[in-house]
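# Fold and geometry: a report
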Amino acid sequence: MKFDAEEFKANLTARLRRQYGKDFSQATKHDLFDAVSASALEIIMPNWMETRREYEAKETRQLYYLSAEFLMGRALSNNLINSGIMEGVKGVLKELNVNIDMIEDEEPDAGLGNGGLGRLAACFLDSLATLEYPGHGYGIRYEYGMFEQHIIDGQQVEFPDNWLKHRDPWEVKRSDLSVTVRFGGDIKYGKTPDGQDRFYIENAEEIIATPYDMPVVGFGCNTVNTLRLWQASSPNGFDLQLFNDSQYQRAVERQNNAENISRVLYPNDNGPMGKELRLRQQYFFTSASLQDLIRQFVIQHGTDFSQFPKYHVIQLNDTHPVVAIPELMRILIDEYNVGWDNAWSVVQKTFAYTNHTILAEALEKWPIEIFQRLLPRVYQIVEEINRRFVIELRQKFPEDYYNQNHMAIIHDGKVYMAWLAIHSCFSVNGVAELHTKILKEQELKNWAVIYPEKFNNKTNGVTQRRWLLCSNPELAEFITKRIGHGWEKDLSLLKGLEKFADDDATLEELISIKHHNKERLAEYLKHAQNEFLDPDSIFDTQVKRLHEYKRQLLNVLHIMYLYNKIVEDPTYNPPARTFIFGAKAASGYRRAKAIIKLINSVADRVNNDRRVGGKLRVVFVENYRVSVAEKIIPASDVSEQISTAGYEASGTSNMKFMMNGALTLGTLDGANIEIVEEAGQENAFIFGLTSDEIIKINEEHSYNPQKYLDRSPALAKVVRQLVDGTYDSTGHLFEEIHNSLVYGVEGQRADIYYILADFDAYVKAQEKVAAAYADKKGWARKALLNIANSGKFSSDRTIEDYVRDIWKLQKVNIK
Ligand code: 26Q
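What you are looking at is a predicted structure, and each value in this text was computed from that prediction instead of being measured. Note that residues are indexed from 1 along each chain, following the sequence as it is written. The model is predicted, so local features are restricted to residues of pLDDT at least 70 and side-chain atom pairs to those at 80 or more, both for listing and for counting; the totals for chains, interfaces and linings are taken over all residues. Excluded from the side-chain calculation are hydrogens and water; included are all heavy atoms of the structure.

### Remarks on the UniProt feature "modified residue: N6-(pyridoxal phosphate)lysine" (unreviewed entry) in the protein chain
Our working definition: UniProt positions are given in the numbering used here, feature names are shortened, and annotations may be inferred rather than shown by experiment. Comment: elements are numbered from the N terminus, with helices defined as DSSP H or I runs of at least four residues and strands as E runs of at least two. Each residue gets one of three labels from its accessible area relative to the maximum for its type: buried under 20%, exposed over 50%, partly exposed in between, using a 1.4 Å probe on protein chains only. Residue contacts are defined here by distance: any two heavy atoms, one from each residue, within 4.5 Å place the two residues in contact.
Within the UniProt annotation, "modified residue: N6-(pyridoxal phosphate)lysine" (unreviewed entry) is assigned to K656. Tracing the backbone shows K656 in helix α25 (residues 653-659). K656 sits in the buried class, given a relative accessible area of 7%. The residues touching K656, leaving out its near neighbours within four places in the chain, are R119, V462, W467 and I633.

### Some remarks on helix α12 (residues 340-350)
As a reminder, the rule being used: Comment: arc refers to directions from the helix axis out to C-beta atoms.
The set of residues buried in α12 consists of W340, A343, W344, V346, V347 and T350. The buried side chains of α12 occupy one side of the element, clustering within an arc of 160 degrees when seen end-on. Across from the buried face of α12, at angles greater than 90 degrees, the exposed residues are D341 and N342. Close packing links the buried residues of α12 with α10 (308-311), β13 (312-317), α11 (324-336), β14 (351-354), α14 (376-396) and α16 (417-424).

### Thoughts on the environment of Y64
Turning to its location among the elements, Y64 is positioned in strand β1 (residues 62-66). Sequence separation between Y64 and S289 is 225 residues; the distance between their C-alpha atoms is 9.1 Å. Contact partners of Y64, with chain neighbours within four places excluded, come to H136, Y138, L293, H312, V313, I314 and Q315.

### Some thoughts on a positive patch on the surface
Here is the rule: A patch is a set of surface residues, each over 30% in relative accessible area and not in a salt bridge, joined within 9 Å for like charges and within 5 Å for the nonpolar side chains Val, Leu, Ile, Met, Phe, Trp and Tyr. Areas reported here follow the Shrake-Rupley algorithm with a probe of radius 1.4 Å; residue values treat only the protein chains shown as occluding. Any carboxyl oxygen of Asp or Glu within 4 Å of a side-chain nitrogen of Lys or Arg constitutes a salt bridge here. In this count, Lys and Arg are taken as positive residues and Asp and Glu as negative ones, while His and the chain termini are left out. Charge positions are represented by NZ for Lys, CZ for Arg, CG for Asp and CD for Glu.
The grouping of K707, R711, K764 and K768 at the surface amounts to a positive patch. When residues of the positive patch are traced back to their parent elements, those giving at least two are α28 (705-711) and α31 (755-774).

### Overview of the side chain of T459
Operational definition: Under this definition, polar contacts are N or O atom pairs within 3.5 Å; protein pairs additionally need one hydrogen-donor-capable and one acceptor-capable atom, and for neighbouring residues in sequence, both atoms have to be side-chain atoms.
Assignment of secondary structure puts T459 in the loop between β19 (455-457) and α19 (464-470). Judged by relative accessible area, which is 4%, T459 ranks as buried. Side chain to side chain, T459 and N457 meet in a polar contact 3.0 Å long. Other than its neighbours up to four places away in sequence, T459 contacts V431, A432, E433, E674, R797 and T798.

### Describing the packing of aromatic side chains
So the rule is basically this: Stacked, edge-to-face and tilted are the three classes for Phe, Tyr and Trp ring pairs, Trp counted by its six-membered ring, which pair at centre distances within 6.5 Å; planes under 30 degrees apart are stacked, over 60 edge-to-face, the rest tilted.
Applying the stated rule across the entire model yields 25 aromatic pairs. The interplanar angle of 75 degrees and the centroid separation of 5.7 Å between the aromatic rings of Y65 and F124 together place this pair among those described as edge-to-face. Of this pair, Y65 sits in strand β1 while F124 sits in helix α6 (residues 116-130), placing them 59 residues apart in sequence. For F124, a relative accessible area of 0% corresponds to the buried category. On the numbers, 5.4 Å between centres and 70 degrees between planes, the contact of F297 with F308 is edge-to-face. One end of the pair, F297, is in helix α9 (residues 276-301); the other, F308, is in helix α10, and 11 residues separate them in sequence. Just as F297 is buried, F308 falls in that class too. Three or more aromatic residues link up through ring pairs in this structure, and these residues are F297, F305, F308, Y311 and Y336.

### What about the packing of α6 against helix α33 (residues 795-807)?
Quick reminder of the rule: Note on geometry: axes are C-alpha line fits, over the in-contact stretch for helices, and angles between N-to-C directions span 0 to 180 degrees. For classification purposes, an angle smaller than 35 degrees is called roughly parallel, one larger than 145 roughly antiparallel, one from 65 to 115 roughly perpendicular, and anything else oblique.
With their axes 9 Å apart at the nearest point, α6 and α33 run at an angle of 80 degrees to one another. Comparing their axes, α33 and α6 come out roughly perpendicular. Judged by residue contacts, C123, F124, S127 and L128 of α6 engage S795, D796, T798, I799, Y802 and W807 from α33.

Dropping the structure here:
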């Protein structure tokens, strides 16, 4: 994009004056952030408009990524870099004595997601725009995103994330495109004003959906795609009649109920949540999005809906937007008088579904009562889809009454959203090779029997623009110095770094870049939470949502073990290590919260024991989020990816760490398998049971955790220390964690995530890490080879896979 420094400065001045009534000398950092962002948006705007025009003119097929979550993080630096105006803006700011880093930190994260699934959606948007594909996001403009985590007395305490407290300079409200979404009401059948016999709804509750658009700026091209997020409001505002009668509470009640739909992101990651408001959110944004698409389609192409799949493909990000399937049927049948078979044929060619989890408890199912009351007509349509499907099932599995019942979309009083998706979509994909294999061979085995052609794998990826170019500028420069530009858009070019693997100067420089990044992180944590980190120690990091299957507990038990060893044997002299954690627990997930408390209790004890003398430090980084990940990942030496094999669908932080030269310490789970395939076994630290072994133990019911306690006194000791007062004088805080490992609680058997079984292997792998790190050059060589072989894990590659196998999009070059 073209940048005119004088114009930019004039624009900046005008904005400060108009918005805040200030000149530069009076502007706060936040005023500047807002004005710089708004001025940058102005530069981006012509390309955004041109992109929209071109797509319309070209009549090309477009992708719509429907997702309840888009974990975008901050926009400013990313947009400046992608649009190519970073240097120009920096120049202007320098004249004004302003450092971009200062105003960058003024921007709140757009934390409209929980974790991996939401961040993946954000990386995909970046890649789609950069690769010049017409692909857009549709979601919810949550007023409050992922909660803000404070650690008080070692415990997680949640605070609302008021990210819109100041205005968001990147969004554009499009009131002209509002639509109405209807809930509840009574189903009627009869003549509509146009004389047709149709189903229609009376007495529905009407909610207004208003779109807010955010630009998605492609790197090194003119494409600017759109992320369209819906906000809910009441059509009638508050009730003036009630207000006049002094019934103030009730006067605003209807308005509040409407606005509550887009009020807050549910903070559950991989967990169940059968709450009515959640289904309202799902229907709200999917119905609004479909109405938006259909209105535009009818304007452009009329009502021949057989043409709809030619111009639209809709990717469903997990089951959260799956209610879009019966909603499209409803719109076509009830509003456009399309017959069932034709409507069904449109649906089957339009939707594709991505599965992100193997955890059974995370599969969404809605009680019929809730579904039917909230969406009576949509429920009727689901019933009809199910009725027809069950007939097919009887033919496909004659006399197999278990499958006939269990695979029905509606059974046991619930609507099974994943079943609805698999039956209706033309594509069903997992997110890493192992994950897809487990879906096909275990979890969705019977579905793969009836629909083998639907199943396919799309291994996840991450955008190197945000996760390398923006977040690790020194490493980016190091790369460009050696292989030139180009890797920003084709990460496979990193392979060219391999020939420097034995070049001393290269390795020295890599070591020094990592050291700088560690110093920067140390500096940040000193300011942010008064923590002191030693940049000469190994930075061993586990950052991700807190979940038992991710096994942060295994990591802590090992730290407790190391601590015992250091205290018991003063001659034991391991390399200094800093264990870094960042993790949010779902607010209602008691055991996850207890693990956070345990990490903090261990940190407290270890960090304050003189006998440890710098050999060991534990840091829990508060309120882990995208902008903090951007600081932690470039500074890490070791990437902890230690989930129980078979449980992590893919993982994506593992890829970010690899690109930034951290070595993976992990199990053969999710994308870790593909990571070591690329990096080489010798450049990672792999340990633990494999998913095949775990499946076998599960099938044989042969797991006996006590065996591991008997065999290893050191392990038995740390497990006992959970309840003997070492880390908690009351002895009760960690009792449940202890019991879940040793006895099993709440009807579960002991140690369902195989922490005790994998403990010894993990200790040995950690010993290898320590030994390898002692050889600085050898370590740097491994780091370099990780970077050089991370090309596969660009989301650009993932998007090309989706385009080729599922979406069939054409690139559109924007002039
Ligand atoms: C469902 C119903 C009600 C409320 C919340 C939810 C909900 C919300 C978020 C369920 C699941 C999620 C998020 C899941 C998720 O992030 N899965 C991760 O997806 C990544 C991208 O594919 C993978 O890399 C991770 O392995 C997977 O855990």
